[in-house]
Structures are given as C-alpha cells and as structure tokens.
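So the chains spell out like this:
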Amino acid sequence: MLEFKKTEIKSEENTYYTFTFTTLEGSFQIIFSGNLDLYWRCLDRIESDQESIQYTITKENYPIYLLFEELYERVRDYNIFNSKKLNENLKKRDKRNSQRLFQDGVIEYHCDDYDYDESDMFKIKPTEEGFAIIFEKGNRAKEYKRSCAIRIRNSGSRYNNFNIIFMEVYKKLKEYFKEDHQITIDEIMWQKRYGTRNSKFPK
C-alpha cells in the first residue's frame, strides 16, 4: 500500500500544501509552512525505546517513486544548479565536510533548528524495493515519546543550496494528480509480483 494525499491550506496572502504519504508502516508528510520553510514530519509517535521509524516508497506508485529517485540522485551527484562548474565547486568544498548531506550512500538531513548531534533527522536510502525514508530522533529527544519534524530552511541552512532540490520536489508534488498518470510497466510488474495495491509489502 502506498497512498498519496494533497491538502490545500489557504491564508489571506498565499496557498500552501501538505502532502501525506501513507504506507503499511504509517504516514509521513512534506509541508510548506507560512514561515516559508519546508518540513518533513512523521505522523507516528516514536516510542521512548525506539531510535527511529521507517517508511518505504516503492514502485507501486511509479510517479512518486521516480520523484524520490530524482531527489536521491540529484543530492548524490550535486546536481543543483544549471551550471556544471557551480556544482563541481560545491562538491569540492563539501568533500571535507564531516556533516555533509550525502554520506556512505545515504542522504541524512539533520533538522536546521538545532545543533547537528542534537537534532532529529530523516534519512533516504535505496533498498531492493525502492527507497527507505527513515525518521530518527536526535540526542535531545531520545528520552521522549513523540514524532519527528525536520525543518529545511530556505535561508541559513547548514545544507545551503540543497534546499533548492527539496523545494523543487515540493513544487512537483503540487502538480501531481494520481488519477491523471498512465500506469507503467514497472507498476504492472510490481502488482503481478506482490499483488494488488492493498496487499502487504514483501518482507
């Protein structure tokens, strides 16, 4: 099961959107806030004895899967700007950064509100079936039962420039309509292999 819901939130000046992804593991959201920053939030409480919670994005909904694949590959490849030179310069500067966004094949985004080791984070990593989205508590929250919300600042982020990629994902989600896309061979193969959209993911 992989469900996607778009919720429109209107203010006097602007319209914002919340995107909810629901898998068998639970639900997480991508939110653009009135403070003009982006948030990734898990809706499930991480118990005090848990370190993290994981959701799985599979090819069951192929357009959504492709969007996460594009996000992962652009971060991995430092494909941010139209200029190859600017991308290469950023990659060189980031090479010795121990807190860089992409390490050991995993995107690891620490919330911009707190110090690196104290902040909640989300991780994105490829798996055999798609992409794992993992929300993990930082040191400051490990003794509490609560959900995680990770802020992606559009100004003053420790991952400056990469916010462009995450914002472009948000903008593409705004244009997504589930009923409009044509089913692909990958979705057909997924359903043949694992059953209908309501069946469980493989273990």
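No experiment lies behind these values; they were computed from the predicted model shown.

What counts and how
- Residues numbered from 1 in each chain as written.
- Predicted model: local features only at pLDDT ≥ 70, side-chain atom pairs only at ≥ 80, totals over all residues.
- Heavy atoms only, no water.
- Pairing = 2+ DSSP bridges.
- Helix = DSSP H or I, 4+ residues; strand = E, 2+ residues; numbered from the N terminus.
- Contact = heavy atoms within 4.5 Å.
- Axes fitted to C-alpha atoms, helices over the stretch in contact; angles between N-to-C directions.

**Quick word on the pairing of strand β8 (residues 121-126)**
Then, in step 1: Alignment of strand β7 (residues 106-110) against β8, held across 4 bridges, turns out to be antiparallel. Paired with I107 across the strands is I124, a residue of β8.
Then, in step 2: In this structure, β8 lies alongside strand β9 (residues 130-136), joined through 6 bridges in antiparallel fashion. Following the sheet pairing, K123 is matched in β9 by I134.
Then, in step 3: Linking β8 to β9, which pair antiparallel, is a turn of 3 residues.

**Remarks on the sheet that holds β8**
Then, in step 1: Strands sit in the order β5-β9-β8-β7-β6 across an open sheet of 5 strands; the sheet is antiparallel. In this open sheet, the two edge strands, each paired with only one partner strand, are β5 (52-58) and β6 (102-103).
Then, in step 2: Where β5 lies against β9, 7 bridges are found, and the strand directions are antiparallel. Bridging across to β9, I53 finds its partner in F135.
Then, in step 3: Helix α1 (residues 62-76) contacts β5, β6, β7, β8 and β9 of the sheet and is inclined by roughly 70° relative to β9.

Remember that the coordinates give geometry; whether it matters functionally is a separate question.
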